[in-house]
Amino acid sequence: MPETDPKGQAPTARTPSTTPQPAQQQVGQPKIAQPKPTQAKPAQSGDQPTSRSRSRHRGRNNRRKNDAPGQISQGRRGEVTPPVTAPPSRGRNKRPLAEPRIGVGCIVMRGDEVLIVRERGRWSLPKGGLEVGELLQEGARRETYEETGLIVELRELAFLVEFQAETWGHHLQFFYVGREVGGTLGPRDPDRDVQEAKFVSVRHLREYLRFRPRLVALEAWLRDRRPKHFVFDLDKEPAMLKKRSRVQSAAPPTHRGADSKAQLRESPDLERLTFEAPFDDEDELP
């Protein structure tokens, strides 16, 4: 019997459905998975860029590639991108660490006189090599006592002398200001390399000290009383001062106890004297 439309329309005949119905599975056969129909997803923002967005990205990349090394490129919204620097190379050609010889010494004053020592025939300041496990100031006090017999109390650092030569190698020598607090003047060197210790006037230092790096540093400290770091390349500049029996000076002699700074200002130019001396290739370091 034909069905009647609820709105009063003419009845229509029921047509068979064209949708395929899954076949009934027989008992004992495995189930076969049916592929699910795929549906196209609507395009969303952030998916594959269009041709216009691709050209924008391509132009931005080209601009970044064309930037010169070291320049700062501008990103979107004014962002600054720092240049990329390569880390220091640690290749196979890395040189070994330097091993300079460390020396320590002391400057002891009595009025306008400076304490010096004669070691293996050459005059110098009290100084020596730093021993293993010894602090710098401990080594300076020990060397001063062994070479002069005086017990000193160390104060500030006077100067640091650094020099290098093919003959002697690389050296770092720290000299401290010492105040005499005890002992008796006289060498007590266990190696017996020091023959004499005495105080001499600052005006006559150039008659005794000939090693230019140490003499330049000492006179600069006597003049300024400020710690400084002196560097000398003795393969390219003179190492020794010419031997002089007496320092020639037009200034009249001053009485004992005068200010050492005034005496140094009246003395001849040290740099002019030292550069007159040729390099002396000596085996022993002064």
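Residues numbered from 1 in each chain as written. Predicted model: local features only at pLDDT ≥ 70, side-chain atom pairs only at ≥ 80, totals over all residues. Heavy atoms only, no water.

Formally: UniProt positions are given in the numbering used here, feature names are shortened, and annotations may be inferred rather than shown by experiment.
You'll find the protein entered in an unreviewed UniProt entry as NUDIX hydrolase, with Deinococcus rubellus given as the organism. You can read under Cofactor (unreviewed entry) in the UniProt record for the protein the words "Mg(2+)".

1. Focus on helix H2 (residues 136–148)
This is how the line gets drawn: By definition, any uninterrupted DSSP run of H or I lasting at least four residues is a helix, any uninterrupted run of E lasting at least two residues is a strand, and each is numbered from the N terminus. Expected span of a helix, by definition, is 1.5 Å for each gap between consecutive residues, and there is one gap fewer than residues. Only protein chains enter the area calculation, which uses a 1.4 Å probe; residues under 20% of their type maximum are buried, those over 50% are exposed, and those in between are partly exposed. Should any heavy atoms of two residues lie within 4.5 Å, those residues are counted as being in contact.
With 13 residues, H2 ought to run about 18 Å at 1.5 Å a step, and its terminal C-alpha atoms sit 18 Å apart, in line with that. Among all positions of H2, only Gly139, Ala140, Arg142, Glu143, Thr144, Glu146, Glu147 and Thr148 are buried. Elements that come into contact with the buried residues of H2 comprise strand E3 (101–110), strand E4 (113–119), strand E6 (127–129), strand E7 (150–165), strand E8 (169–183) and strand E9 (194–201). Downstream of H2 by a residue or two, Gly149 has a phi angle that is positive, lying close to 80°.

2. So, a nonpolar patch on the surface
Spelled out, the test is: Nonpolar side chains (Val, Leu, Ile, Met, Phe, Trp, Tyr) within 5 Å and like charges within 9 Å form the patches, drawn only from residues with over 30% relative accessible area and no salt bridge. To be clear on the numbers: accessible area is Shrake-Rupley with a 1.4 Å probe, and residue cover counts the displayed protein chains and nothing else. Only one rule defines a salt bridge in this text: a Lys or Arg side-chain nitrogen within 4 Å of an Asp or Glu carboxyl oxygen.
A cluster of nonpolar residues, Tyr145, Ile151 and Val181, forms a patch on the protein surface that exposes about 260 Å² of accessible area. With respect to the helices, strands and loops of the structure, Ile151 is situated in strand E7. Judged by relative accessible area, Ile151 falls into the partly exposed class, the value being 43%.

3. Observations regarding the nonpolar core
This is how it is decided: Among the buried residues, those of types Ala, Val, Leu, Ile, Met, Phe, Trp, Tyr and Cys that are joined through side-chain atoms within 4.5 Å form a nonpolar core.
Within the largest apolar cluster, 32 residues are counted, with the highest numbers of intra-cluster contacts made by Phe159 and Leu205. Element by element, the count of residues in this core is highest for helix H3 (residues 212–224), at seven residues. What Leu205 contacts, discounting residues up to four positions off in sequence, is Val114, Val200, Leu215, Leu218, Glu219 and Leu222. By size, the runner-up hydrophobic cluster in this structure holds 13 residues, among which are Leu115, Leu160, Leu172 and Tyr176.

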